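Topology and contacts: notes
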Amino acid sequence: MLISLGRIDTVNVAFGETAGDGALVEVAHRIRHFANDELESHPWLAARLSGGTFMLVAHANASQERWQWLAEALADAIAAPIANPEGGGSLRLWPRIALMRAGEHDDVDRMLDRLSEVTALMRQSHGRRIEWSSGTLEMAPRSNIELEADLLAAIDQGEIEILFQPQYSLVDGRIIGAEALARWHHPIVGRIGAAALFQIAERADHVAHLSRHIVRRALEAATFWPSDLRLSINITPVDLAADNFAIDFARLADRIGFPLSQITLEITEQVLLADLDRVSRVLHQLKVLDVRIALDDFGAGFCNFRYLKVLPIDCIKLDRSMVEGVLEDERDRAVFRAIMGMAKALELGVLVEGIETDRQRDFVAAEDCECYQGFLGSEPIAPQEFLNLARQ
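Computed from a prediction, not measured in an experiment: that's the story for all the values here.

1. A look at the state of the cysteines
Here a disulfide denotes a covalent bond joining the sulfur atom of one cysteine to the sulfur atom of another. Applying the stated criterion across every chain, the model contains 0 disulfides. Cys369 takes part in no disulfide bond, and the closest cysteine sulfur, belonging to Cys371, lies 8.5 Å away.

2. Let's talk about the packing of helix H2 (residues 17-38) against helix H3 (residues 64-79)
The N-to-C vectors of H2 and H3 enclose an angle of 140°; their axes lie 10 Å apart at closest approach. With respect to H3, the element H2 is oriented oblique. H2 and H3 meet at a crossing whose hand is right-handed. Taking contact as the criterion, the partners of Val27, Arg30, Ile31, Phe34 and Glu38 in H2 are, on H3, Arg66, Trp69, Leu70, Ala73, Leu74, Ala77 and Ile78. Tallied by class, residues from the contact of H2 with H3 come to 9 nonpolar, no polar and 3 charged.

3. Considering the nonpolar core
In terms of nonpolar packing, the biggest core is built from 111 residues, with Met1, Ile3, Phe164, Leu231, Leu265, Ile316 and Phe336 touching the most fellow members. Once residues lying within four places of it in the same chain are set aside, the contact partners of Met1 are Phe54, Met55, Leu56, Trp67, Leu70, Ala71, Leu74, Ile97, Ala98 and Leu99. Ranked by size, the runner-up nonpolar core spans 7 residues in total, among them Leu2, Met55, Met100 and Val118.

4. A closer look at the packing of helix H5 (residues 144-156) against helix H6 (residues 194-203)
Running from N to C, H5 and H6 point in directions that differ by 105°, and their axes come no closer than 9 Å. Taken together, the axes of H5 and H6 lie roughly perpendicular to each other. Facing H5, whose interface residues are Asn144, Leu147, Glu148 and Leu151, H6 presents Leu197, Ile200, Ala201 and Arg203. For the contact of H5 with H6, the per-class residue count stands at 5 nonpolar, 1 polar and 2 charged.

5. Description of the sheet that holds strand S7 (residues 130-132)
A sheet is described by the order of its strands in space; here 5 strands give the open sequence S2-S3-S1-S6-S7, paired in mixed fashion. The sheet terminates laterally at strand S2 (44-50) and S7, the two strands that pair on one side only. Within the sheet, the average angular offset between the axes of one strand and its neighbour, ignoring direction, is 20°. Sheet analysis places S2 next to strand S3 (residues 53-58), joined by 6 bridges and oriented antiparallel. Bridged to Leu45 within S3 is Val57. The sheet contacts of H3 involve strand S1 (2-6), S3, strand S6 (94-99) and S7, and relative to S6 the element is tilted by about 165°.

What counts, and where the lines are drawn
- Residues numbered from 1 in each chain as written.
- Predicted model: local features only at pLDDT ≥ 70, side-chain atom pairs only at ≥ 80, totals over all residues.
- Heavy atoms only, no water.
- Disulfide = S-S within 2.5 Å.
- Axes fitted to C-alpha atoms, helices over the stretch in contact; angles between N-to-C directions.
- Helix = DSSP H or I, 4+ residues; strand = E, 2+ residues; numbered from the N terminus.
- Parallel < 35°, antiparallel > 145°, perpendicular 65-115°, else oblique.
- Left-handed = near helix turned anticlockwise from the far one by under 90°.
- Contact = heavy atoms within 4.5 Å.
- Nonpolar A, V, L, I, M, F, W, Y, C, P; charged D, E, K, R; others polar.
- Core = buried A, V, L, I, M, F, W, Y, C linked by side-chain atoms within 4.5 Å.
- Buried < 20%, exposed > 50% of the residue type's maximum accessible area, 1.4 Å probe, protein only.
- Pairing = 2+ DSSP bridges.

Okay, here's the thing in structure tokens:
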């Protein structure tokens, strides 16, 4: 995929180059998060080529239909509002994505030329945002309306799969809990990760329905866990927009029989963009009910430190990008240690995501982080697999 961003020059003029640079950084994070979620079982590479042009390459047996759908989902993710670090509202960028599948005789130069030609034609035509290098307009494997209907049927028939990624103590290596993750194996477009799943639900105005379904399934599975494990659940802007969310959530947990004191609700910066005052009220209600609150993907966005001051946050989850360079780069280590110092001063717990090597784990343990999750410990696994692992 060759991803070209429209309006980046306009953003620079209207909001300043700092805002434009910040938007490019955010797009890079979104591309990487998307690839981690949707291409986790295949080798992939994401790169910024120049200006507002990025590339995503995967080595996978992906059908043309799946690659098309992935491009549509990525375009939706990139087009979502981006916080302006200078204040004054949010920004939006318009992505165009050129696609191709490498042939037997395609070399790198030829592939880049073909993708660049398609991108240039798309800019001139002001037409579709997704185009194939063949020059023909490919039909999406399923229209948005069909996917939305498929999703509703999948929820009703219990086809949304709940996985758990174990979380480990950095003190003694024991499992302390797990994060609940959702996956959907669509019969045509293949596996759909949580982020794209909620994009489909948002178009159909069924985010609350999907979120409640995932929460219920996760709570039901967690009732069989050992009593000392915590369940982490992601919540959405739609959840927190409801004034009665805290009470409804407490009633659901009580009905299922899982203690609120063993639940961590994870929120992202995207959640907080909606209405910070309303979010703050709901989170304080949840705190009264003894629910723990974690700020997810910390370091992936603009890291608005005001959130840590005004919200009842118990823990920050450091994004995987915060540890990728700490072993080789002194500046990365300095940033990591500064964040740890801030967390200690604010008496916040720290969980590090994306730990993949022993050296990474040893480093974050030496910096007094409390716990971690990542492929070093375990990839996301089915509920019964997690239960077996937790009981060992």
